[in-house]
Amino acid sequence: MDEFVRRLPVYLLLDCSGSMMGERIEAVKQGIRSLIAELKGDPQALETAYISVITFSSTAKQEAGLTELMLFKEPELKASGATMFGRALDVLMDCINKEVRKSTETQKGDWRPLVFVLTDGAPSDVNDFKRAAEQLKTMKIANIIACAAGADADTTYLKMMTENVLMMNSLSAGDLAQFFAWVSGSIKMTSKSLDTKPGEALELPPPPQGFQIVP
């Protein structure tokens with residue numbers, strides 16, 4: 001891929017704590033597969049979107065570095081442990097700093113990254129999360145969309161890092177499939193509007209049925 005193509009970096013921040021074991025983590029894996037397949041079928045997304053996956057449980061790590069769609073390899077996800085959400089935000093900021101090309105006097109850098117967060121609980125590292133969330137919000141280095149999944153998810157924390165918060169009522173395979181389908185639609189919509197509406201507010205498709213936008 002030409003190094004001067006302006007990329008749309010997309011980071012998936014996925015909760016892989018113990019509460020996501022079983023059918024839930026399998027549905028997340030299937031969601032990622034469907035997301036990549038859907039984006040590969042869209043010429044604009046295929047040209048601009050680059051995908052990275054960051055997971056958090058008792059640790060946080062980048063499972064897949066920022067990769068063009070045709071070369072993306074699905075990471076092996078496993079669910080266990082706690083919810084080190086704050087640590088995940090630190091990893092995210094570090095990855096964006098290292099991977100996203102900045103504009104120079106002679107060359108425009110990448111587009112502002114899209115970050116999609118999926119979590120079904122609250123941070124285990126609350127103090128670290130509050131610090132990192134405030135830092136992330138202040139820096140304004142990405143458009144962040146967070147999804148609180150299921151009855152135990154706490155939207156209060158998500159609101160600390162972004163105004164774009166969705167609530168899904170259950171963690172069923174069907175709801176998770178809808179979430180990833182909505183993510184692919186959001187990426188496609190963003191990739192199509194990059195040149196026509198540069199600098200304008202982020203536009204997202206309507207949330208899936210049964211999902212609620214948290215005011």
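That block above? That's the structure.
None of these values were measured; they are calculated from a predicted model. (Residues numbered from 1 in each chain as written. Predicted model: local features only at pLDDT ≥ 70, side-chain atom pairs only at ≥ 80, totals over all residues. Heavy atoms only, no water.)

A. Examining the pattern of salt bridges more closely. Using the criterion set out here, one finds 13 salt bridges in the structure. Between Arg131 and Asp128 there is a salt bridge, with its nearest N and O atoms 3.9 Å apart. With Arg131 and Asp128 both in helix α4 (residues 126-139), this residue pair falls three residues apart, about one helical turn. Here Arg131 falls in the partly exposed class, since its relative accessible area comes to 38%. Salt bridges sharing common partners tie together Arg7, Arg101 and Asp110. (Salt bridge = Lys/Arg side-chain N within 4 Å of Asp/Glu carboxyl O. Helix = DSSP H or I, 4+ residues; strand = E, 2+ residues; numbered from the N terminus. Buried < 20%, exposed > 50% of the residue type's maximum accessible area, 1.4 Å probe, protein only.)

B. Examining unusual backbone geometry more closely. In this structure, Lys140 is a non-glycine residue whose phi angle is positive, near 50 degrees. Its place among the elements puts Lys140 in the loop between α4 and β5 (143-149).

C. View of the packing of helix α3 (residues 85-99) against α4. Axis separation between α3 and α4 bottoms out at 7 Å; the angle between their running directions is 35 degrees. Crossing of α3 against α4: the hand is left-handed. Contact with α3, carried on its side by Phe85, Gly86, Leu89, Asp90, Leu92 and Met93, involves Asp128, Phe129, Arg131, Ala132, Ala133, Gln135, Leu136 and Met139 of α4 and no other residues of that element. Taken together, the residues of the contact of α3 with α4 sort by class into nine nonpolar, two polar and three charged. (Axes fitted to C-alpha atoms, helices over the stretch in contact; angles between N-to-C directions. Left-handed = near helix turned anticlockwise from the far one by under 90°. Contact = heavy atoms within 4.5 Å. Nonpolar A, V, L, I, M, F, W, Y, C, P; charged D, E, K, R; others polar.)

D. Main features of the pairing of strand β1 (residues 8-15). With eight of its eight residues buried, β1 lies for the most part within the structure. By the alternation rule, side chains of β1 split into Leu8, Val10, Leu12 and Leu14 and Pro9, Tyr11, Leu13 and Asp15, which are all buried. As judged from the five bridges shared by β1 and strand β4 (residues 114-119), these two strands associate in the parallel manner. Within the sheet, the bridge partner assigned to Leu14 lies in β4 and is Leu118. (Pairing = 2+ DSSP bridges.)

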